[in-house]
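Analysis of the macromolecular model
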Amino acid sequence: MRRHGSARRTILLAAALALAAAGCSSSGSSSTTSGGTGSAPAGGSSSSAGAATVNTSSCGTKPGVAATGTPIPLGAIATNQPGTSFTDIPNMAKAYFDCVNANGGIKGHPIKLYIATEQTNPAQIAADAKQLVQTDKVVGIVGNTSIIECSINSGYWQKLGFYVIDSGIAPECYSTPNSAAVNMGPRYSSDGAVQYALAQHVSKVVFDQANVPGTGYIAAGPAALAKAAKTPIVQLTENVPITDASSVAIKEVNDAGPNGAVILNFTPPQALVILQAAQKLGLENRVKLWGCSTPCNTDFLAQSLGSKWNGKLFVNAELTPPDGTNTTAMNLYKAILKQYGSSVQGGIGSFSQMGFTEAEIAVHALQSITGPYTVQSVNAAFKAVKDFNTGMLCQLWTYGNYPLHIPNNADYTVTANNGKMTTAQGCTPISAADPQIAQYRSVAGTAANAP
C-alpha cells in the first residue's frame, strides 16, 4: 500500500485555537493509504448461519476473475485519535472493494480506495480532502466517518459536485444536499436509545456522551424526545479517553435514580470502561436500565461484559443485528470480513456493517454507469440511487435530490445476552419529536421497509 506524508505541514493557528477552546487536540498525524486492487485470494472463504452459505465470490459479477482495467479511484476520510477511531468503517469498505476487485471488478475495472485519517483538526481535514481530489484524483467519496469532516468540507464537496456516501456524525452530514449517510449518527441513534428507554416508562433519563465537537447538536435530539414524553433528562459530557470511570458511573447512577435510565453515547472501548466500572461497583442493578447508541452494538462489548448484564443493557442498532440473522447480505458481510477484513479491528459490529453498506451502495451505483468513470458520472450515479435494498437497513435506501438527508431513520434495539447482542425490538421509526426527523420526512416522505 502507498502511504503519503505522516503530517500536514500547515496547521492554521485560528483552527488550532478554536479546537483548543473546544477541548480537542489539534496534534497528531494524517495519512492516506490506498486500498489494494484485489490482492487477496478470490472465493476461498464462505460463511454460514443455519442452512445458508454464501461464498465471497458472489460479491462480483465474474467469480474468480481479477479486475485488471484502469482503477476507479475513490476516497474516504476518518477520525483516528486517542479515544475515538472510526477507521473500521472505511477499512471494511475497502475489504468489500477488494472482494469485488477479485471477482470481476466494475466491468473489469478495480476500485482503489484512498483512506485519509485525521485528528479533529480543521486544517488537516481540509487538506485531506484536497489531497484526495488533487493528488489521488478520486472521482467519488465513500466511507467518510469523522467527528467534524462534514462541517469542514461540505462546501468543498458541493462546489466540486461530489455527492458523498458516508457515516454521519456532524450536523452537516444530515442537513446538506451533498451528504447521505447509511447510519443515523450520534444524534438520531441516541434518539433511538432514549426512545426505547421512554417506552419502558423510566422516570428520568441521564444522557452521557464524549466531550467532542457537536455535543449540543447531539443532545438536542434526546432532549426533544424527553420533553415530548414529559420526562426529566440530565445531560452529561466526559473527556475521552476516560481516566476515572468509577466516578463517571457513580455520577450517572446517582443522577438517574432507581427507576431511571442511563444512556451512553461513546465508542465501544469508552462505553465499556464505564460499564465495567459500574459492574465492579455493583451498580448495574441500581437503575431500571442502561442504554447506548449504536457504537455499542458489537459482540466485543457484549462478550467483555458477560452474563451479569443480561437484560440490563439495551443498545440502539441502526443496522440489522448480525447475531441470529441468516440472510444472503449478512452472510456475505461476514464472509468478506473474514477473508478480506484483516484491518477491521472491531470485527462483527455496526462500524464494519456501515462500511459494508456504503461499499455495496457505491458498487450498485458504479455498475449503472455507461462510459468513463468521472467525477460527473460517478456522482450522478451516487445521487440517483433510489429504493436500494442494502440487506442491512430497516428501510430501502435513497440518496435523492433533497436539501437534507436522513435516509436511515428507523432502527432496531438489541440487548446484551450471554456475550451476544440479540434483538429486543424490531424496526421502529425514530420519533418525529426530534424536529430534524420531522423536517426530513416532510420533504422525502417515509421510505418503504426493506423486504
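Residues numbered from 1 in each chain as written. Predicted model: local features only at pLDDT ≥ 70, side-chain atom pairs only at ≥ 80, totals over all residues. Heavy atoms only, no water.

A separate point is the pattern of salt bridges. A complete count under the given rule lists four salt bridges for this structure. Two residues, Glu238 and Lys251, come together in a salt bridge whose shortest N-O distance is 3.2 Å. Taken together, the residues Glu238 in strand E11 (residues 233–238) and Lys251 in helix H8 (residues 245–256) connect sequence positions 13 residues apart. Here Lys420 makes a salt bridge to Asp299, at a shortest N to O gap of 3.8 Å. Linking Lys420 in strand E16 (residues 420–429) with Asp299 in helix H10 (residues 299–305), this pair joins segments that are 121 residues apart in sequence. (Salt bridge = Lys/Arg side-chain N within 4 Å of Asp/Glu carboxyl O. Helix = DSSP H or I, 4+ residues; strand = E, 2+ residues; numbered from the N terminus.)

Reading across the sheet, the seven strands line up as E11-E10-E12-E13-E14-E15-E16 and stay open at both edges, with mixed pairing between neighbours. Strands at the two margins of the open sheet, each flanked by one partner only, are E11 and E16. Across the sheet, the axes of successive neighbouring strands diverge by a mean angle of 25 degrees, strand direction being ignored. Inspection of the sheet shows strand E13 (residues 289–292) paired to strand E14 (residues 313–317) by three bridges, in the parallel sense. Across the sheet, residue Trp290 finds its bridge partner in E14, namely Leu313. Lying on the sheet, helix H7 (residues 215–228) is in contact with strand E10 (205–210), E11 and strand E12 (261–265); it crosses E10 at an angle near 165 degrees. (Pairing = 2+ DSSP bridges. Axes fitted to C-alpha atoms, helices over the stretch in contact; angles between N-to-C directions. Contact = heavy atoms within 4.5 Å.)

Quick look at the pairing of E10 now. For E10, the buried fraction is high: six of the six residues fall into the buried class. The pairing of E10 with E11 spans six bridges and is classified as parallel. Its bridge partner being in E11, Ala210 is matched across the sheet by Glu238. In this fold, the crossover linking E10 to E11 by way of H7 has right-handed handedness. Relative to E12, E10 runs parallel, the two sharing five bridges. Note that in E12 the partner of Asp208 across the bridge is Leu264. (Buried < 20%, exposed > 50% of the residue type's maximum accessible area, 1.4 Å probe, protein only. Right-handed = clockwise from strand over helix to strand, strands pointing away.)

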